[in-house]
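Reading the structure
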Amino acid sequence: MTEHRGVAPFAASPFASWLAGDPEVATLLAAEAERQSTTLQLIASENFTSPAVLAASGSVLTNKYAEGYPGRRYYGGNQVVDEVEDLARQRAKDLFGAEHANVQPHAGAIANLAVYQALVDPGDTILAMRLDQGGHLTHGSPASITSKIWRFVSYGVTAASDDDGRPGEVIDFDQVADLAKRERPKLIVAGATAYSRQIPAEPFRDIADSVGARLMFDLAHPAGLVAGGAHPSPVGVADVVTFTTHKTLRGPRGGAIVCRAELAKAVDSAVFPGLQGGPLEHVVAAKAVAFREAATPAFRVYAAQVVANAQALARGLAAEGFRVVSNGTENHLVLLDLRPFDAELTGKEAQEVLDRSGITLNRNTIPDDPRSPFVTSGLRLGTAAQTTAGMQEAEMGAVAALIGRALRRRADEASIRAVRAEVFDLCAAFPPYPSLDAGTPTAGRT
Ligand code: DSN
């Protein structure tokens with residue numbers, strides 16, 4: 001069992017007290033709530049949902065089978081669930097200005113698979129970003145089922161710039177255009193999981209049109225930045241946009257798809273019955289809550305702050321001697337090359353040292369990484385979660401200094417403990433769930 005520092009009571013959800021009859025699970029949930037509250041959450045794909053999102057996810061909707069879509073279910077008793085899902089779909093459409101929304105995908109990976117299934121036949125060619133260049137597993141990694149069903153061709157990023165301040169390591173659109181011309185893909189995929197620049201949809205659209213391909217935009221990472229007006233939207237430019245609801249969008253863990261009305265039927269049938277059975281309607285309700293929150297003026301302020309914080313973090317880390325891939329960031333994440341800081345330090349070791357220091361992030365390959373994806377030469381950091389907790393640029397500077405100190409003196413346990421104590425104090429000033437700690441569920445922060 002995890003050892004705790006006794007900082008509780010940290011409630012795991014608005015209904016935490018209902019778990020009193022199961023002390024084992026209750027203790028584990030409290031332990032995780034404590035971990036999230038007392039260590040820095042810098043994983044670029046994570047966030048802290050509102051208590052309202054937690055409440056919807058923990059609701060009685062989990063009891064209901066609802067295979068099908070509103071008005072066309074295979075089981076009875078879906079009158080209320082139909083309203084829930086219709087509300088979620090309408091809010092998603094309004095938020096992104098889309099003609100159609102499917103809010104059932106259990107995850108972003110499923111959303112991507114569904115779009116491939118809807119738009120291309122097995123064996124057809126898809127052009128997407130390579131994993132080690134910033135793409136996602138479902139963009140055709142040999143380890144993913146996607147590469148066994150469709151034929152993937154991969155593009156990457158340009159070379160690093162020569163320290164002249166220009167953003168090298170950006171999507172190589174000449175390469176995308178050349179590969180499209182040569183390979184004649186049926187589908188081009190834009191979007192990434194470890195890429196710190198804005199991704200414009202228009203150049204992809206032009207290339208797709210020039211070869212008669214469809215365009216899918218995987219918006220999983222910056223969906224909240226688009227919803228909050230901090231990034232240009234690919235909706236209406238791409239034929240289909242997939243996204244996750246739990247990253248910058250700050251909703252429950254899950255996926256969604258928005259598309260033109262003409263593709264609605266193909267996309268819906270690909271999700272159900274193509275890939276999934278019963279949808280998770282409690283999560284669909286939580287997605288509806290998140291879409292409403294993301295439509296508020298407060299969320300626009302949040303999205304802008306996420307980017308400002310990532311830029312402050314990148315500046316701080318560069319000052320510590322790390323190389324920031326692509327010379328900076330325009331979104332919520334920073335990709336670091338560790339080698340200029342310490343040629344011996346791998347991403348794996350850095351992640352482990354920082355974990356012990358109370359700083360949670362993930363190792364990541366950098367473009368053309370000489371080390372394996374399990375070891376890596378890089379780290380990926382994101383600001384979505386700690387910005388939700390209220391941190392701003394000054395705190396990002398402090399976080400960068402703590403990361404530099406922990407890694408520079410990683411052989412010294414006393415130094416690691418000192419960093420951990422400072423992290424603890426910093427987190428104590430920015431609790432992610434102050435209302436739950438006080439035992440009073442609220443409607444959320446936005
Ligand atoms: N695992 C997600 C991420 O961290 O980016 C992508 O699926």
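Presented here is an overview of the structure given in this document. Just so it is clear, the model here is predicted, and its values are computed rather than measured.

Reading the values: rules and limits
Residues numbered from 1 in each chain as written. Predicted model: local features only at pLDDT ≥ 70, side-chain atom pairs only at ≥ 80, totals over all residues. Heavy atoms only, no water. Helix = DSSP H or I, 4+ residues; strand = E, 2+ residues; numbered from the N terminus. Buried < 20%, exposed > 50% of the residue type's maximum accessible area, 1.4 Å probe, protein only. Near = heavy atom within 4 Å. Polar contact = N/O pair within 3.5 Å; in protein donor to acceptor, adjacent residues only side chain to side chain. Areas by Shrake-Rupley, 256 points an atom, 1.4 Å probe, with all protein chains shown as cover. Nonpolar A, V, L, I, M, F, W, Y, C, P; charged D, E, K, R; others polar. Contact = heavy atoms within 4.5 Å. Core = buried A, V, L, I, M, F, W, Y, C linked by side-chain atoms within 4.5 Å. Pairing = 2+ DSSP bridges. Axes fitted to C-alpha atoms, helices over the stretch in contact; angles between N-to-C directions. Arc of directions from axis to C-beta. Salt bridge = Lys/Arg side-chain N within 4 Å of Asp/Glu carboxyl O. Phe/Tyr/Trp six-rings, centres within 6.5 Å; stacked < 30°, edge-to-face > 60°. Lys NZ or Arg CZ within 6 Å of the ring centre and 35° of its normal.

**Regarding the environment of alanine 429**
The topology assignment puts alanine 429 in the loop between α15 (413–428) and α16 (434–437). For alanine 429, a relative accessible area of 53% translates into the label exposed. As a C-alpha pair, alanine 429 and arginine 73 span 356 residues in sequence and 48 Å in three-dimensional space.

**Quick notes on the site of the ligand**
Around the ligand, the structure places Ser45, His136, Thr193, His221 and Arg380. The side chain of histidine 221 places a nitrogen or oxygen atom 2.7 Å from an oxygen atom of the ligand. Across the complex, the protein chains shield 62% of the 230 Å² of accessible surface that the ligand would expose by itself. Here the residues of the shell around the ligand are counted per class, giving no nonpolar, four polar and one charged.

**Examining the environment of alanine 180**
With respect to the helices and strands, alanine 180 occurs in helix α6 (residues 173–183). The class of alanine 180 is buried, set by a relative accessible area of 0%. In sequence terms alanine 180 and alanine 208 are 28 residues apart; their C-alpha atoms lie 7.6 Å from each other. Dropping the residues within four chain positions of it, alanine 180 is found in contact with Leu127, Pro185, Ile188, Ile207 and Val211.

**Re the nonpolar core**
Counting residues in each nonpolar core, the largest one holds 61 residues, and the members touching the most others are Phe96, Ile188, Phe204, Phe243 and Leu249. Among the elements that line this core, the one with the most residues is helix α10 (residues 281–294), at seven residues. Setting aside its immediate chain neighbours within four residues, phenylalanine 243 contacts Phe96, Leu219, Ala220, Ala223, Leu249, Gly254, Gly255, Ala256, Ile257, Val258 and Phe291. Counting residues in hydrophobic clusters, the runner-up holds 40 residues, among them Phe341, Leu379, Met396 and Tyr433.

**Structural notes on the sheet that holds strand β12 (residues 333–337)**
If you trace the four strands from one edge of the open sheet to the other, you get β11-β12-β15-β14, paired in antiparallel fashion. At either margin of the open sheet sits one strand with a lone partner, and together these are β11 (323–324) and β14 (362–364). With three bridges joining them, β14 and strand β15 (residues 378–382) adopt antiparallel strand pairing. Each residue of the ladder has a partner; that of asparagine 362, found in β15, is arginine 380. Lying on the sheet, helix α11 (residues 297–319) is in contact with β11, β12 and β15; it crosses β12 at an angle near 15°.

**A few points about α6**
Buried within α6 are the following residues: Val176, Leu179 and Ala180. Seen from one end, α6 has its buried residues packed into an arc of 100°, which puts them on one side. α6 presents Asp174, Asp178, Lys181 and Arg182 as exposed residues on the side facing more than 90 degrees away from its buried surface. Note on α6: the residue one or two positions beyond its end, arginine 184, has a positive phi of about 45°.

**Points about unusual backbone geometry**
Going from phenylalanine 272 to proline 273, the amide bond is cis rather than trans, its omega being 10°. Mapped onto the elements of the fold, proline 273 is located in the loop between α9 (264–271) and α10. Even without glycine at this site, glutamate 169 takes up a positive phi of about 55°. With respect to the element layout, glutamate 169 can be found in the loop between β6 (151–155) and α6. On the accessibility criterion, glutamate 169 (6% relative accessible area) is buried. We note that threonine 376 has phi near 65°; this positive angle belongs to a residue other than glycine. Looking at where threonine 376 falls in the secondary structure, it is placed in the loop between β14 and β15. For threonine 376, a relative accessible area of 0% translates into the label buried.

**Structural notes on the pairing of strand β10 (residues 255–259)**
Counting buried positions over the five residues of β10 gives five, a clear majority of the element. Pairing geometry for strand β9 (residues 240–244) and β10, over five bridges, is antiparallel. The partner of threonine 244 across the bridge, within β10, is glycine 255.

**Considerations on the sheet that holds strand β5 (residues 125–129)**
Ordered in space as β4-β10-β9-β8-β7-β5-β6, the seven strands form an open sheet in which the pairing is mixed. With partners counted over all chains shown, the strands left at the sheet margins are β4 (100–102) and β6, one partner each. Between one strand axis and the next, the sheet turns by 20° as a mean value, whatever way the strands run. In this fold helix α4 (residues 108–119) packs onto β5, β6, β7 (187–190), β8 (214–218), β9 and β10, with an angle of close to 160° to the strand it touches most, β9.

**Some points on the pattern of salt bridges**
Under the defined criterion, the tally for this structure stands at 24 salt bridges. Residue aspartate 342 pairs with arginine 410 through a salt bridge whose shortest N-O separation is 2.9 Å. Taken together, the positions of aspartate 342 in the loop between β12 and α12 (347–356) and arginine 410 in the loop between α14 (393–408) and α15 put the pair 68 residues apart, joining distant regions of the chain. Considered together, aspartate 342 and arginine 410 belong to a single accessibility category, that of buried residues. The salt bridge partner of glutamate 413 is arginine 356, with a shortest N-O separation of 2.5 Å. Taken together, the positions of glutamate 413 in helix α15 and arginine 356 in helix α12 put the pair 57 residues apart, joining distant regions of the chain. For glutamate 413, a relative accessible area of 39% gives the class partly exposed.

**Things to note about the side chain of threonine 146**
In this fold, threonine 146 is placed in helix α5 (residues 146–149). Overall, the relative accessible area of 0% leaves threonine 146 in the buried class. Beyond its immediate chain neighbours, meaning those up to four positions away, threonine 146 contacts Leu113, Tyr116, Leu137, Thr138, Gly140, Ser141 and Phe152.

**A few points about the packing of aromatic side chains**
Under the counting rule described, the total for this entry stands at 12 aromatic pairs. Here tyrosine 116 and phenylalanine 152 contribute two aromatic rings whose centre-to-centre distance is 5.7 Å and whose plane-to-plane angle is 65°, an arrangement assigned as edge-to-face. Of this pair, tyrosine 116 sits in helix α4 while phenylalanine 152 sits in strand β6, placing them 36 residues apart in sequence. For the pair formed by tyrosine 116 and phenylalanine 152, the shared burial category is buried. Ring centres of tyrosine 155 and phenylalanine 204 lie 5.7 Å apart, and the angle between their planes is 45°; this geometry places the pair in the tilted category. One end of the pair, tyrosine 155, is in strand β6; the other, phenylalanine 204, is in helix α7 (residues 201–211), and 49 residues separate them in sequence. In this structure tyrosine 155 comes out as buried when scored by relative accessible area, which is 1%. Overall, the relative accessible area of 0% leaves phenylalanine 204 in the buried class. Members of the aromatic cluster, joined through ring pairs, are Tyr69, Tyr74 and Phe272. Its end group placed over the ring of tyrosine 302, arginine 250 keeps NZ or CZ at 4.3 Å from the ring centre. When the ring centre of phenylalanine 374 is taken as reference, the NZ or CZ atom of arginine 363 above it lies at 4.7 Å.

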